[in-house]
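Close look at the chain arrangement
Here is what each chain is made of, one letter per residue.
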Amino acid sequence: MGGRAGRAGWSVRELLDHMVWENLMAASIAEGAPRGDLAADHLGDDHRAAFEDSALAALAAFTDSGMLHRTFGPYEAPGAMLVQQVVVELLAHGWDLARATGAPTGLAPQVAEETLAAARRIYGAAPRTEGGSFAPERPAPPGASATDRLAAFLGRDPA
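First, a word on scope: everything that follows refers to the structure included in this document. This is a predicted model, so every value here is computed, not measured.

Focus on the overall build of the chain
On a plain count of helices and strands, the chain comes out with 5 helices and 4 strands. Ordered by position in the sequence, the α and β elements of the chain form the string β-β-α-α-β-β-α-α-α. The C-alpha radius of gyration computed for the chain amounts to 15 Å, which stays within 12% of the reference 15 Å derived for 159 residues, consistent with globular compactness. Considering only C-alpha atoms, the chain reaches an extent of 40 × 35 × 30 Å along its principal axes. Scored against the burial criterion, the 159 residues of the chain give a buried share of 40%. The long-range fraction of contacts in the chain, counting pairs at least 24 apart against all pairs at least 6 apart in sequence, stands at 57%. Accessible surface for the chain amounts to roughly 8,600 Å². Of this, 57% is attributable to carbon and sulfur atoms. Taken together, the 13 basic and 20 acidic charged side chains of the chain have centroids lying 7 Å from each other.

Here is the structure:
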């Protein structure tokens, strides 16, 4: 797969690998053994299977481990917030992927509304710098979808 995706200048393959890693990381946190293999290849030769398997692992962790009712890390982050962070990541990077491949960006409208609200709560006070994890918020065009508004909130240009 070629093409560039996301504001970090990732290739489509790099973006997919990151999305798979996010799912696997969430599952490993729920299991009490956070992964340390960010730089590894998580896609292999079957990108679709890697993503589907990682999404199923994350879903199982979210629903079967009691993650939603536990806290994690030195700041005792609520498990429900970690789940919301994964959804923000997947929806934002799904938007990046859609933009990179020319697909529609109005992904999961109902989920996107809730995810935008969660992103504002979680990342509203995060530092914003060009080239950082969060670029300054950008304006969304009138009538923009919730996913486009989420992308704009996270510093992407939905125009």
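Back to the write-up after that little detour.
Quick look at the packing of aromatic side chains
All told, the structure shown has 0 aromatic pairs when counted by the stated rule. Here the basic side chain of R128 rests over the ring of F153, its NZ or CZ set 4.5 Å away from the ring centre.

What about the pattern of salt bridges?
On inspection of all chains with the given rule, the structure shows 6 salt bridges. Here R35 and D37 are joined by a salt bridge, their closest N and O atoms 2.6 Å apart. You can call R35 partly exposed: its relative accessible area is 29%. R138 serves as the salt-bridge partner of E130, at 3.6 Å between the closest nitrogen and oxygen. The exposure class assigned to E130 is exposed, which follows from its relative accessible area of 57%. Taking the relative accessible area as the measure of exposure, R138 reaches 30% and is therefore partly exposed.

As for the nonpolar core
Nonpolar side chains in soluble globular proteins tend to end up buried together. Counting residues in each nonpolar core, the largest one holds 13 residues, and the members touching the most others are V88, A119, Y123, F134, L150, F153 and L154. Broken down by secondary-structure element, the contributors of at least two residues to this core are helix 3 (79-101), helix 4 (109-123) and helix 5 (146-153). Leave out the neighbours within four places in its chain, and F153 touches L116, A119, R120, Y123, G124, R128 and E137. If you look at the next biggest cluster of nonpolar residues, it comprises 12 residues, including A30, F72, L82 and V86.

Topic: the side chain of T147
If you trace the backbone, T147 turns up in helix 5. Accessibility expressed as a relative area gives 1% for T147, which makes it buried. Beyond its immediate sequence surroundings of up to four residues, T147 is in contact with L91, W95, T105, G106, L107 and A112.

A closer look at unusual backbone geometry
Here the phi dihedral of E76 falls at roughly 50°; this positive angle occurs in a residue that is not glycine. Along the polypeptide, E76 turns up in the loop between strand 3 (71-72) and strand 4 (77-78).

Section: the packing of helix 1 (residues 12-30) against helix 3
Each pair of packed helices gets described by two things: the angle between the helix axes and the distance between those axes. For the pair helix 1 and helix 3, interaxial distance at closest approach is 10 Å and the crossing angle is 170°. The orientation of helix 1 relative to helix 3 falls into the category roughly antiparallel. Contact with helix 1, carried on its side by V12, L15, L16, H18, M19, E22, N23, A26 and I29, involves L82, V86, E89, L90, H93, G94, D96, L97, A100 and T101 of helix 3 and no other residues of that element. When grouped by side-chain class, the residues that make up the contact of helix 1 with helix 3 number 11 nonpolar, 5 polar and 3 charged.

The rules we used
Residues numbered from 1 in each chain as written. Predicted model: local features only at pLDDT ≥ 70, side-chain atom pairs only at ≥ 80, totals over all residues. Heavy atoms only, no water. Helix = DSSP H or I, 4+ residues; strand = E, 2+ residues; numbered from the N terminus. Rg over C-alpha atoms; globule rule 2.2 N^0.38 Å. Buried < 20%, exposed > 50% of the residue type's maximum accessible area, 1.4 Å probe, protein only. Contact = heavy atoms within 4.5 Å. Areas by Shrake-Rupley, 256 points an atom, 1.4 Å probe, with all protein chains shown as cover. Lys, Arg positive; Asp, Glu negative; His and termini not counted. Charge placed at Lys NZ, Arg CZ, Asp CG, Glu CD. Phe/Tyr/Trp six-rings, centres within 6.5 Å; stacked < 30°, edge-to-face > 60°. Lys NZ or Arg CZ within 6 Å of the ring centre and 35° of its normal. Salt bridge = Lys/Arg side-chain N within 4 Å of Asp/Glu carboxyl O. Core = buried A, V, L, I, M, F, W, Y, C linked by side-chain atoms within 4.5 Å. Axes fitted to C-alpha atoms, helices over the stretch in contact; angles between N-to-C directions. Parallel < 35°, antiparallel > 145°, perpendicular 65-115°, else oblique. Nonpolar A, V, L, I, M, F, W, Y, C, P; charged D, E, K, R; others polar.

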